[in-house]
Amino acid sequence: MEYKMNQQLLIADSGSTKTDWCLVSNGSKEFFSTIGFSPYFQSSNDISKELSENLLPKIRNQLQPNCKLFFYGTGCSSEDKIKIVYNALRSVFPDADITINHDLLAAARALLGKENGIAAILGTGANTCLYDGMEIIENVTSLGFILGDEGSGAHIGKSIVKSIIYKELDKDVLDDFANEYKLDVASILDAVYKKPLPNRFLASFAKFAFKHKSNLGVKKILYSCFDEFFINHICKYDGYKNLPFNCVGSIAINFADEISFVASKYGIKLGKTLQSPILGLIEYHKE
């Protein structure tokens, strides 16, 4: 974890939708962003092309040959998936010292530092872990947006879209959805079953849920989604009621009140919430 004070750090936290980057040089910090990367959906060539076009031109003149690159990414939990990301990074940053970890470890390190507890990602996708202050010691399998990801943006979006199509929500909500998105059922099904990155498509409707979260029908959907999240994930960890519970991600920030309300049903208190782990990761690696 340690590095020399004059050694440059390039830290990346990559979710399904967006990647936050920070270049740390001699105490100064510069922030950048690119699209998110998932080795489940993108090849090494896809990733390296995006980095070459939209990140490298911004930092090329500042990049040191011995830069330490810490990349935390969704899907980076098995050797074959890590290899996809590593090959992309190596082609773009040939001289960097590269370390790749899962984005769940990024969340845990940013939220808990060197303390133990439960860390959760609630963004486009959802994932949780039990963290001992250094490493993840237990993880309830997330299953992805088709079978799982309870409480995530994709899960909320999927639930909203289903209720829209089945006309289960109030007329003013249905009308606003029709005016805002101008999508018919065929277009929605095509985006979900035929087009790339359906998880991002579904997660985009979490914004609509936020807009109407005071509506009773939408509020019921949100409580149901977070209820499934706690039942299927958090309550599976031994001693969960006595452990710090912190969250990171857009859903964690925008629906903190709803998450906190549902958490209280299970004797859990919501602690820290962060939009992104990047600032916490900078402090973690500087230490």
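Because the structure is a prediction, the values reported are computed rather than measured.

Trainee: I'm lost on the pairing of strand β5 (residues 97–102) in this one. Help?
Mentor: The side chains of a regular strand alternate, first on one face of the sheet and then on the other. Both strand β4 (residues 68–73) and β5 contribute to a ladder of six bridges, which runs parallel. Across the sheet, Leu 69 pairs through a bridge with Ile 98, a residue of β5. For the crossover from β4 across helix α3 (residues 79–92) to β5, the handedness is right-handed.

Trainee: Can you walk me through the packing of helix α6 (residues 153–165) against helix α11 (residues 216–232) in this structure?
Mentor: Any two packed helices are characterised by how steeply their axes cross, that is the angle between the axes, and by the distance between the axes. Packing of α6 against α11 brings their axes to within 10 Å, and their N-to-C directions diverge by 140°. In terms of axis orientation, α6 runs oblique to α11. Judged by the sense of rotation from one axis to the other, the crossing of α6 with α11 is right-handed. Listed contacts from α11 to His 155, Ile 156, Ser 159, Ile 160 and Ser 163 of α6 are Val 218, Ile 221, Leu 222, Cys 225, Phe 226 and Glu 228. Partitioned by chemical class, the residues of the contact of α6 with α11 number seven nonpolar, three polar and one charged.

Trainee: Is there a simple way to think about the sheet that holds strand β2 (residues 18–25) in this case?
Mentor: Strands belonging to one sheet form pairs held by backbone hydrogen bonds; the direction of such a pair is parallel or antiparallel. The strand order β3-β2-β1-β4-β5 describes an open sheet built from five strands, whose pairing is mixed. The two strands at the open ends of the sheet, each matched to only one other strand, are β3 (28–35) and β5. Across the sheet, the axes of successive neighbouring strands diverge by a mean angle of 15°, strand direction being ignored. The pairing of strand β1 (residues 9–14) with β4 spans six bridges and is parallel. Each bridged residue has a counterpart across the sheet, and for Leu 9 the counterpart in β4 is Lys 68.

The rules behind each value
Residues numbered from 1 in each chain as written. Predicted model: local features only at pLDDT ≥ 70, side-chain atom pairs only at ≥ 80, totals over all residues. Heavy atoms only, no water. Pairing = 2+ DSSP bridges. Helix = DSSP H or I, 4+ residues; strand = E, 2+ residues; numbered from the N terminus. Right-handed = clockwise from strand over helix to strand, strands pointing away. Axes fitted to C-alpha atoms, helices over the stretch in contact; angles between N-to-C directions. Parallel < 35°, antiparallel > 145°, perpendicular 65-115°, else oblique. Left-handed = near helix turned anticlockwise from the far one by under 90°. Contact = heavy atoms within 4.5 Å. Nonpolar A, V, L, I, M, F, W, Y, C, P; charged D, E, K, R; others polar.

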